[in-house]
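Reading the structure
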Amino acid sequence: MDFSALLQQAQKLTHETQVSDDLPRVERTLPQVLQATQELHSRVSQTGTQDMQAHILLGHKGIDLPKISQKLETLSSRKTFEPLDPIATTDIQSFLRNEKENAILSVIEEVHKNSYQSAQNQKWEHTMNDWKLEKVKLMNALIGPSQNWIDIRKGPEQTILNESTFGGRSSLNNQEMAYAREVYEYNKLVNEGAMRPSLVQRFAQVAENFNDSKVNDIWEIMKYMTNVTPSPRTQDPLRTRCTQAQFIEQAKRYLENRYKLFMQTVISEHLRDAQRGGIPSVLNLVGSFVGLKFANQNTSTYIGLQDGHVEGKPLWPMVYYCLRCGDIDAALKCMQMAGPEHDDFIAILEEKCRQPGQKISQKLEQQIRMQYKRQIRNAIDPYKRAVYCIIGCCDIQEQHPEVAKSSDDFLWLQLSLIRPETNENADHLTYSTLQAMVLEQYGEKHFNANEQPHLYYQVLALTGQFEAGIEFLARFEKYRAHAVHIALALNELHMIGGPRNLQEPLLSVDIEDPQPMRRLNIARLIMLYVKKFEITDPAEALQYFFFLRSLRDTEGRNLFLVCVSDLAIECRDFDLLFGKMQRDGIRSRGLIDQFESGHIDAKMSCEMIAEEFVKKGMFEDAIQLFDLAGNHEQALRYTSVLLSQVVHQPNKSGSLRARLQQLALEFTDRYAGAEKNCDPQTWSTFSLLKELVLFFDHYHNRNYQPALEVLERTKLVPLKMSDLEACLHNFRRLGGEVCKVLPDLLLATMDIAYNKYKVLKGRDDMNDLKMKQLSYLREQAKALTNMAATVPYRMPGDTNNRLVQTEILMH
């Protein structure tokens, strides 16, 4: 095509383009088109195909990508949050704008840092709280191996209790051993039917030797709290405790006597300033104490004290401390000496003196409350307010921090405010409310329980929450032994609330109990405590298990026997625990015999443990315990089961077969005659297996003739064809244990016949006697083969093939 034709076509296209109104007119010369093409080609080669495709895609929508890229490159997100560069100080407007932006940026950065730090702190606090809750759950659950808070790494010490029964070293420390001695003496009296002493008193005497004042205080509290009227064993101890006012009175009496000792100690340290004199009494004691308390204070301190003095001492402190010591008579004398302007208060004190422990008349109580609301509530004398609240139970929400400066003071005040629950709307503090306040509202954190566990236990015990207190105290290694023995002592007095199911955790809540009472699984507590030393000190372990004799497990078994069974399985010292069977058939005494009574039988325990061994497949141990239990049937039965598995093996010293053979001989001697109490079939099976032990001993020693004589006696396998029918008939009456031995018995008998056949064949002389002997051996082999083929028993493996092949070799 020439250029003139190309020019004509281009002009034609131009004309057609001008006619069309749809497309804009493009006015470009050929050099311009060539230049644009070159620019487009260079751009594509530089940016790549992906960028080009992006240009085309966005260009479709009218977006100029190069311009957008240039704008994005000018932006810098990093500079947005960085401090601005300083400018010249002469530019005021720019300087102010810069300072404003810098201030905003600094606030944003500070808020960001604070928010991040706060989030981190909350995260770790939440994590630590979750872990604390999990630790509490783990300690409360105490199930199986997960209850590993009992430290068993403590170095053992030599035991001195029942030294003749066992050797080695003890895992009990000095305190635990001292408690164990007392437990042993107590159980001894119980088994002898003698009068039971108070375990609280006995354990408290033991604790005095530990030279630990905190432990002594704990036991002193328990002596007070258990000095109440015993509740019937048919009633639930938790419900009795919540309805019996004696627990409140005993807790107050302990705190009051403790405070009197404190006063005496303070006075004895300042005898010259106390000016003690006159007849010894609580009133004189309080007077000296109050005189010391306010002696070194300036007169400005007395401004808040109202209504004058009694014998030179401020009135209301005297009355309060008399009440704090539990002496209402002394408080009444103070009020009477103060004058007649307190007649209403004197009347209510007189009624309390006439009827100690009784509820005062509602009229007098209402008068005191009305007077408190009108006048005393806003009084500046803290002792006066406290006395009115104690006597009239006026304001149960008031904590009286100026007066109650210790946990004992706080607790005594709260106990003094408790009144019987008359109706739901009464503005009284109840026992359950105080218990919930101590256990749930304040809890361990408020009393710094981890640092002062004895203090928190005292608060729980004085509010009648023995179960929660024992569980808390048992968490600490230092106090665990004391907590366990407190539980034992209270359990003997029927003062511990146990769970309905022994599978419950150490501390549990029953929805039917008054809130916030807990139930203590004393069985779990004792078993966890004993776990530390049951292997090294089984004698002491049994003494503690004896406290569980009245409990039953989920299967209805005596829990004491269950624990003894577990101990026997763990330590496997049956001779120590249950005695040993003598040659004359009499069992020697073991540790368990000291507890024998109507509920506990040593033979029953042996049989229970034997059954547990059977479940675990430990038949050899089960045989020994069935024998100790006098259960000849089961002892012989499981002896036969084991013999059937090893009777065909060669005899080796110390092997299971050798031990069973010795045991079988002992059984034969002791179970002879009418003394054995077992089924005839069981005895027959046992006797046959004992004979087979003798047969295989001869067989492995190549004493073939004595072995064949044993077979003649047993009539188990045919030695000639005429014996086949009789042997098959005998087989139908055999027990399963003997049937299992038949394949090995046939092979051994065939091997004896073949060996004798080879010996005869190897001799050169040939006579009629030799021919008869060979014929007899062939007949014997045929009888054995027929026996194997005819007997209604499935032979294992290639027994039949081996018998047939041996018979063929003998022809």
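This is a predicted model, so every value here is computed, not measured. Residue numbers here run from 1 along each chain, matching the order of that chain's written sequence. Only residues with pLDDT of at least 70 are given local features in this predicted model, and only at 80 or more are side-chain atom pairs given and counted; all residues enter the totals for whole chains, interfaces and linings. Only hydrogens and water are set aside; all other atoms, that is, all heavy atoms of the structure, feed into the side-chain values.

Here a helix means four or more residues in a row that DSSP labels H or I, a strand means two or more in a row labelled E, and each is numbered from the N terminus. Looking only at helices and strands, the protein has 37 helices and 4 strands in total. Burial analysis of the protein (811 residues in total) assigns 44% to the buried set. A fraction of 60% describes how many contacts in the protein between residues 6 or more apart in sequence connect residues 24 or more apart. Working definition: with a 1.4 Å probe on protein chains only, accessible area under 20% of the residue-type maximum means buried, over 50% means exposed, and in between means partly exposed. Every residue pair with non-hydrogen atoms within 4.5 Å of one another is taken to be in contact.

With respect to the element layout, Arg475 can be found in the loop between α22 (466–473) and α23 (480–492). Arg475 sits in the buried class, given a relative accessible area of 18%. Contacts described as polar in this section are N or O atom pairs within 3.5 Å, which, within protein, must combine one atom able to donate a hydrogen with one able to accept it, while residues neighboring in sequence count only if both atoms come from side chains. Among the polar contacts made by the side chain of Arg475, one reaches the side chain of Glu444 at a distance of 3.1 Å. Polar side-chain contacts of Arg475 include one of 3.0 Å to the side chain of Glu471.

The next subject is the pattern of salt bridges. Put simply, a salt bridge is a Lys or Arg side-chain nitrogen that is within 4 Å of an Asp or Glu carboxyl oxygen. By the definition in use, this model includes 31 salt bridges. Among the ionic pairs, Glu176 bridges to Lys532, the shortest N-O distance being 3.1 Å. Placement of Glu176 in helix α7 (residues 174–192) and of Lys532 in the loop between α24 (522–530) and α25 (538–545) is noted, with a sequence separation of 356 residues between them. On the accessibility criterion, Lys532 (11% relative accessible area) is buried.

As a further point, take α23. For α23, which comprises 13 residues, the first-to-last C-alpha distance of 19 Å matches the rise-based estimate of 18 Å (1.5 Å per residue) to within 8%. Regarding α23, the residues found buried are Arg480, Ala481, His482, Ala483, Val484, His485, Ile486, Ala487, Leu488, Ala489, Leu490 and Glu492. Immediately downstream of α23, the backbone of His494 shows phi near 60°, a positive value. One less than the residue count of a helix, multiplied by 1.5 Å, gives the span that helix is expected to have.

The geometry of helix α31 (residues 656–670) relative to helix α32 (residues 680–700) is characterised by a closest axis approach of 11 Å and an angle of 130° between their N-to-C directions. In terms of their interaxial angle, α31 and α32 are classed as oblique. As for the relative orientation of α31 and α32, their crossing is left-handed in sense. Contact residues: α31 offers Arg657, Gln661, Ala664, Phe667 and Thr668, while α32 offers Trp683, Phe686, Lys690, Val693, Phe696 and Asp697. Here an axis means a line fitted to C-alpha atoms, over the contact stretch when the element is a helix, while the angle between two N-to-C directions is reported on a 0 to 180 degree scale. Orientation categories follow fixed angle ranges, with anything under 35 degrees roughly parallel, anything over 145 roughly antiparallel, 65 to 115 roughly perpendicular, and all other angles oblique. Crossing handedness is defined as follows: a turn of the near helix away from the far one that is anticlockwise and smaller than a right angle gives a left-handed crossing, while the clockwise case is right-handed.

What follows covers the packing of aromatic side chains. We describe a pair of aromatic rings using the distance from one ring centre to the other and the angle between the two ring planes. Two aromatic rings, drawn from Phe, Tyr or Trp (for Trp, its six-membered ring), form a pair once their centres lie within 6.5 Å of each other, and the interplanar angle then sorts them: stacked below 30 degrees, edge-to-face above 60, tilted otherwise. Summed over the entire model, instances satisfying the criterion amount to 39 aromatic pairs. Centroid distance Tyr186 to Phe547: 6.2 Å. Interplanar angle 5°. Geometry classified as stacked. Separated by 361 residues along the polypeptide, Tyr186 in helix α7 and Phe547 in the loop between α25 and α26 (559–571) bring together distant segments of the chain. Residue classification places Tyr186 among the buried positions, given a relative accessible area of 4%. Three or more aromatic residues joined by ring pairs form one cluster here, namely Tyr259, Phe262, Phe289, Phe294, Tyr320, Tyr321, Tyr383 and Trp412. Above the plane of the ring of Phe546 lies Arg549, whose end atom (NZ or CZ) is 4.1 Å from the centre. Consider the ring centre and the ring normal. A charge sits over the ring if Lys NZ or Arg CZ is within 6 Å of that centre and within 35 degrees of that normal.

As a further point, take the nonpolar core. Counting residues in each nonpolar core, the largest one holds 224 residues, and the members touching the most others are Trp219, Met222, Ile470, Tyr544 and Phe578. With 13 residues, the top contributor of residues to this core is helix α35 (residues 736–761). Excluding residues that lie within four positions of it along the chain, Phe578 makes contacts with Val564, Ala568, Arg587, Ser588, Gly590, Ile592, Asp593, Ser605, Cys606, Ile609, Leu625 and Leu628. Take the buried Ala, Val, Leu, Ile, Met, Phe, Trp, Tyr and Cys residues and link them wherever side-chain atoms come within 4.5 Å; each set so joined is a nonpolar core.

Between Gln515 and the following residue, Pro516, the backbone shows a cis peptide bond with an omega angle of 0°. Summarising the element assignment, Pro516 is placed in the loop between β3 (507–508) and β4 (519–520). Despite not being glycine, Asn211 shows a phi value in the positive range, around 55°. The class of Asn211 is exposed, set by a relative accessible area of 72%. Its identity as a non-glycine residue notwithstanding, Arg572 has a phi of 60°, on the positive side. Tracing the backbone shows Arg572 in the loop between α26 and α27 (574–578).

Further remarks concern the packing of helix α11 (residues 246–269) against helix α19 (residues 407–416). Running from N to C, α11 and α19 point in directions that differ by 140°, and their axes come no closer than 10 Å. Remark: the crossing between α11 and α19 carries left-handed chirality. Packed against α11, whose contacting residues are Ile248, Ala251, Lys252, Leu255, Glu256, Arg258 and Tyr259, the element α19 presents Asp408, Asp409, Leu411, Trp412, Leu415 and Ser416 at the interface. Split into classes, the residues belonging to the contact of α11 with α19 amount to 7 nonpolar, 1 polar and 5 charged. Residues are grouped as follows: Ala, Val, Leu, Ile, Met, Phe, Trp, Tyr, Cys and Pro are nonpolar; Asp, Glu, Lys and Arg are charged; every other residue, Gly included, is polar.

Turning our attention to the confidence of the model for the protein. Each residue gets a pLDDT score, which is the predictor's confidence in that residue and runs from 0 to 100. When pLDDT is averaged along the protein, the result is 83, and 85% of the positions lie at 70 or above. Scored below 50 in pLDDT, residues 77–81 shows 2 contacts in the model against residues more than four places distant or in partner chains. In the model, residues 143–167 has pLDDT below 50 throughout and makes 59 contacts with residues more than four positions away in sequence or in other chains.

Turning our eyes to something else, we now look at helix α34 (residues 724–731). The complete set of buried residues in α34 reads Leu724, Cys727, Leu728, Asn730 and Phe731. End-on view of α34: buried residues confined to an arc of 160°, all on one side of the axis. Tucked inside the fold, the buried residues of α34 contact α35 and α36 (768–790). To obtain the arc, one takes the directions from the helix axis to the C-beta atoms.

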